[in-house]
Amino acid sequence: MRKKVMALVLTSAMAVSLAACGGGGQTAETTAAPAADDGQGEAAAPAGDGSGLVYWSMWEATEPQGQAIQAAVDQFTADTGISVDLQFKGRTGIREGLQPALDAGTNIDLFDEDIDRVNTTWGQYLMDLEELAKAVDYESTANAGLMAACREVGGGTLKSIPYQPNVFAFFYNQAIFDEAGITAVPATWAELDAACAKIKEAGYTPITCDDAYITCMFGYHMSRLVGEPKTEEIVKGGQWDDPSVAATAEAYADFASKGYFSETIASNVWPAGQNQELAMGTAAMYLNGSWLPNEVKDMAGDDFVWGCFSYPALEGGTDGVDAANYGAQVLAINKDSQKAEDAFKLICYITQGEFDQMLSELSIGIPADSNNTEWPALISCVKPVMDSMNTRYPWAAGAEANADMTPIIKENFLKLCGGSIDAQGFVDALKKAGN
């Protein structure tokens, strides 16, 4: 029966466009364009009669994630007799509507969104899940790193369960690496420099980027140098005289002077870099999330072979290649829910076994259940990187810790990579904006 359910869902998924995986941290906002939220899902959703569970989801019913969750819910109800009022809110619907609904006492038992938004923005509404997880030995098959991340952002307590993991790293075109004679992924900045030189010599653009992701390059380099907490301190406090800021700018100015960046990087508006350069085979590398191969698969074609490596380590730096922005969407239970055990059972259906594997296959994403060892072929290159992670960065590795400075950093780092300003010009622009 369950194999038939999966087959039907997989078949129906071919009729719709696969949406982006979303991401940890703020990736659901700043990467792929969110699914349109026309408000119809909320208008059509029943209010719930109190006899079953009420579940608000960030996905649309037509998205692959929504399809897999719906299949899990249907099977859960068939197996347990517990009805579920599943309301697909979309990104806008849940971000704008969940908190007011919870404040108003609306009957909502569980909900999902990204790990940082759930645990930080909505942290006051979350139930402690430690005992529920322990009772079913949940962590015996869970990703230990992601569970640790959930506890970290939950203030030391497990208040959410991860699903659809993701990691942010350099993604590259294996064919270009092969043609350029690069036999090992760069693990240090010097090795990245050498790889870029070979790629340029082979006639390709070594690195592309755009306005959606450029702050990540700044944040990752800073955090490799001084660690993410220090990077946040610098960005929040406007400490632009810190030597790490100039060192980061000088490293990128050097790459720009060597012609390692796309000629259009300064004006690239997402998704120009990934669609027009990386997917089309003219650019070799792009710092992005594990949702990227799925986003561009139709343009890149079936013969595109993906590679992945963590942002390189820096000489004398604080963090190594085992540090990155990695995370997941998460499921959480409303602290006021009267049906916590049933809600946790449903969480298990979605995040373990058959339906975790279905979600991975439909969305071309990373499985959350460690027993689901078969990753989609398109992102198999990500597994060694994901498995190596020990230190978790927030989105953009601290570069966007000060919302007032984010557009300034973005504008001027694009100019720096494009070669229109030098390293000192970048630092001076940040200082001027901070005064």
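You'll find the structure just up there.
Presented here is an overview of the structure given in this document. Source: prediction; values computed, not measured.

**Things to note about the overall build of the chain**
Each helix and strand counted, the chain has 20 helices and 10 strands in total. In the chain, the proportion of contacts linking residues at least 24 apart, taken out of those at least 6 apart, comes to 78%. Looking at the chain as shown, the accessible area adds up to about 17,000 Å², and 50% of this sits on carbon and sulfur atoms.

**Quick notes on the packing of aromatic side chains**
The geometry of an aromatic ring pair comes down to the distance between the two centres and the angle between the two planes. Scanning all chains against the criterion turns up 27 aromatic pairs. For the pair F170 and Y311, a centre-to-centre distance of 5.8 Å together with 20° between the ring planes defines the contact as stacked. With a gap of 141 residues between them, F170 in strand β4 (residues 161-173) and Y311 in the loop between β7 (306-309) and β8 (323-324) connect regions that are remote in the sequence. Residue class for F170 comes out buried when judged on its relative accessible area of 1%. Residue classification places Y311 among the buried positions, given a relative accessible area of 0%. Taking 5.6 Å as the distance between ring centres and 50° as the angle between the ring planes, the aromatic pair formed by W189 and Y252 counts as tilted. Placement of the pair is W189 in helix α10 (residues 189-201) and Y252 in helix α13 (residues 243-257), with a sequence separation of 63 residues.

**As for the environment of E131**
Tracing the sequence through the fold places E131 in helix α7 (residues 130-135). The sequence separation of E131 and L158 amounts to 27 residues, and the corresponding C-alpha distance is 9.3 Å.

**A short note on the pattern of salt bridges**
Under the defined criterion, the tally for this structure stands at 17 salt bridges. Notably, a salt bridge pairs E233 with K230, separated by 3.4 Å at the nearest N-O pair. Pair noted here: E233 and K230 are both in helix α12 (residues 228-237), with a separation of three residues, about one helical turn. Using a relative accessible area of 40% as the deciding quantity, one classes E233 as partly exposed. Given the relative accessible area of 27%, K230 is considered partly exposed. Its salt-bridge partner being D336, residue K335 comes within 3.4 Å of it at the nearest N-O pair. According to the relative accessible area criterion, K335 is partly exposed, its value standing at 41%.

**A word on unusual backbone geometry**
Omega for the bond connecting W270 with P271 falls within 30 degrees of zero, at 10°, which places this linkage in the cis form. Following the sequence through the fold, P271 ends up in the loop between α13 and α14 (272-278). The phi torsion at D137 lies on the positive side, around 55°, for a residue other than glycine. Tracing the backbone shows D137 in the loop between α7 and α8 (144-153).

**Regarding the pairing of strand β3 (residues 110-114)**
Taking burial as the measure, the five residues of β3 include five buried ones, the bulk of the element. As paired elements, strand β1 (residues 53-57) and β3 share two bridges and run parallel to each other. Residue pairing across strands places W56 opposite F111, the latter belonging to β3. Alignment of β3 against strand β9 (residues 326-333), held across five bridges, turns out to be antiparallel. Across the sheet, the residue bridging to E113 is V330, located in β9.

**A word on the packing of α13 against helix α20 (residues 423-434)**
Between α13 and α20, the shortest axis-to-axis distance is 8 Å and the interhelical angle comes to 140°. Considered as vectors, α13 and α20 are oriented oblique to each other. Crossing of α13 over α20 shows right-handed handedness. Residues V245, A246, A249, E250 and A253 of α13 lie in contact with α20, whose contacting residues are A423, F426, V427 and L430. Taken together, the residues of the contact of α13 with α20 break down into eight nonpolar, no polar and one charged.

Each value, and the rule that gives it
Residues numbered from 1 in each chain as written. Predicted model: local features only at pLDDT ≥ 70, side-chain atom pairs only at ≥ 80, totals over all residues. Heavy atoms only, no water. Helix = DSSP H or I, 4+ residues; strand = E, 2+ residues; numbered from the N terminus. Contact = heavy atoms within 4.5 Å. Areas by Shrake-Rupley, 256 points an atom, 1.4 Å probe, with all protein chains shown as cover. Phe/Tyr/Trp six-rings, centres within 6.5 Å; stacked < 30°, edge-to-face > 60°. Buried < 20%, exposed > 50% of the residue type's maximum accessible area, 1.4 Å probe, protein only. Salt bridge = Lys/Arg side-chain N within 4 Å of Asp/Glu carboxyl O. Pairing = 2+ DSSP bridges. Axes fitted to C-alpha atoms, helices over the stretch in contact; angles between N-to-C directions. Parallel < 35°, antiparallel > 145°, perpendicular 65-115°, else oblique. Left-handed = near helix turned anticlockwise from the far one by under 90°. Nonpolar A, V, L, I, M, F, W, Y, C, P; charged D, E, K, R; others polar.

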